[in-house]
Amino acid sequence: MKVVVIIPAAGLGTRMAPMPSAMGAKSKKKQPSKQFTELAGTPILIHTLRKFASVSEIAEIWIALREHEIEPFRERLKKEAADVLKKKIELVVGGEHRQESVAHALKAISASADDIVLVHDAVRPLVTAEIIRDVIEAARKYGAAIAGLPAIDTVKQVERTSEGAIIKTTIPRAGVVLAQTPQGFRYDVIRKAFDEATADGFVGTDEASLAERSGHAVAVVMGSPRNIKITNPADMELAEFYLRK
């Protein structure tokens, strides 16, 4: 059984404002895409890649980037992340959105039906080897699995209005899981899910939503509160705090 990782990293990260720790308070340079913003002096994407490169079960890592970013990032890996290059690393042109980027990588990889494909957010750099291995094992056993956390806060379903929102109902927390990544699938499961979504013009919120739509049950393994997705400057501050711990 081969394990392949796909990291969709072609997004622009428009919700990330300039970070003084990453860019310098007086810098007038164009703000880099979120995944290239530096966290403790290293691009977030390289932090993420190192977590997967350190897991022995993983054979290949495919990174979907914007076309003009591929060669500069390849050179940066050579100069700054020789440890990552101990794994087979492939760079592929991404799409306009996450699903399209993952689809491009899926078409490029060579895998058997029972090989495992993991998809992980480029800007979720604090994932642990334990979570990665748990998702691999659950995907091998069930065909599809994600890392997730039980909801702690009360969850409300709302109706959006021009002035805000109105609560329609309260959803019992016992039935709610907050999805994280990695999300793992047998190759035949994820290819079927993506092929069906493409044929129908359906765009899901994550890979698990495509598998669910395809009729495949998705298992959940325990994630971590530290396995945060860096979306805004406050997340950067929290990530930097966790890295110092």
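Residues numbered from 1 in each chain as written. Predicted model: local features only at pLDDT ≥ 70, side-chain atom pairs only at ≥ 80, totals over all residues. Heavy atoms only, no water.

Draft legend 1. Spotlight on the pattern of salt bridges. One pass over the full model with this rule turns up 18 salt bridges. Among the ionic pairs, Arg 133 bridges to Glu 57, the shortest N-O distance being 2.9 Å. Highlighted residues: Arg 133 in helix H5 (residues 129–142) and Glu 57 in the loop between helix H2 (44–53) and strand S4 (58–65), separated in sequence by 76 residues. Among the ionic pairs, Arg 98 bridges to Asp 121, the shortest N-O distance being 2.5 Å. Of this pair, Arg 98 sits in helix H4 (residues 98–108) while Asp 121 sits in the loop between strand S6 (116–119) and H5, and the two are 23 residues apart along the sequence. A single salt-bridge network, built from bridges that share partners, covers Lys 2, Glu 60, Lys 88 and Glu 90. (Salt bridge = Lys/Arg side-chain N within 4 Å of Asp/Glu carboxyl O. Helix = DSSP H or I, 4+ residues; strand = E, 2+ residues; numbered from the N terminus.)

Draft legend 2. Geometry of the packing of aromatic side chains. Counted under the stated rule, the structure contains 2 aromatic pairs. Ring centres of Phe 241 and Tyr 242 lie 5.9 Å apart, and the angle between their planes is 50°; on these two criteria the pair is classed as tilted. Overall, the relative accessible area of 18% leaves Tyr 242 in the buried class. The ring of Phe 202 carries Arg 213 above its face, with NZ or CZ at 4.6 Å from the centroid. (Phe/Tyr/Trp six-rings, centres within 6.5 Å; stacked < 30°, edge-to-face > 60°. Buried < 20%, exposed > 50% of the residue type's maximum accessible area, 1.4 Å probe, protein only. Lys NZ or Arg CZ within 6 Å of the ring centre and 35° of its normal.)

Draft legend 3. View of the sheet that holds strand S11 (residues 219–222). Ordered by their spatial adjacency, 7 strands build an open sheet running S5-S4-S1-S6-S10-S7-S11, and the pairing between neighbours is mixed. Each having just a single partner strand, strand S5 (88–93) and S11 make up the two edges of the open sheet. Taking the axes of each pair of neighbouring strands and ignoring which way they run, one obtains an average angle of 25° across the sheet. Pairing analysis gives 4 bridges linking strand S7 (residues 144–150) to S11, with the strands arranged parallel. Following the sheet pairing, Ile 146 is matched in S11 by Val 220. Running over the sheet, H2 touches strand S1 (3–8), S4, S6 and strand S10 (177–186) and is turned about 160° from S4. Relative to S1, H4 is tilted by about 145°, and along the sheet it contacts S1, S4, S5, S6 and S10. (Pairing = 2+ DSSP bridges. Axes fitted to C-alpha atoms, helices over the stretch in contact; angles between N-to-C directions. Contact = heavy atoms within 4.5 Å.)

Draft legend 4. Here's a closer look at unusual backbone geometry. Omega for the peptide link from Thr 181 to Pro 182 comes to 15°, which places this bond in the cis form. By the secondary structure assignment, Pro 182 is in strand S10. Positive phi, close to 55°, is recorded for Ala 40, a residue that is not glycine.

Draft legend 5. Examining the packing of H4 against helix H6 (residues 187–200) more closely. The geometry of H4 relative to H6 is characterised by a closest axis approach of 11 Å and an angle of 125° between their N-to-C directions. Between H4 and H6, the interaxial angle falls into the category oblique. Between H4 and H6 lies a crossing whose hand is left-handed. Judged by residue contacts, Gln 99, Val 102, Ala 103, Leu 106 and Lys 107 of H4 engage Tyr 187, Ile 190, Arg 191, Phe 194 and Ala 197 from H6. Here the residues of the contact of H4 with H6 are counted per class, giving 7 nonpolar, 1 polar and 2 charged. (Parallel < 35°, antiparallel > 145°, perpendicular 65-115°, else oblique. Left-handed = near helix turned anticlockwise from the far one by under 90°. Nonpolar A, V, L, I, M, F, W, Y, C, P; charged D, E, K, R; others polar.)

Draft legend 6. Region of interest: H2. Judged by how many residues are buried, H2 sits mostly within the fold: 8 of 10 residues are covered. Of the positions making up H2, those classed as buried are Ile 44, Leu 45, Ile 46, His 47, Thr 48, Leu 49, Phe 52 and Ala 53.

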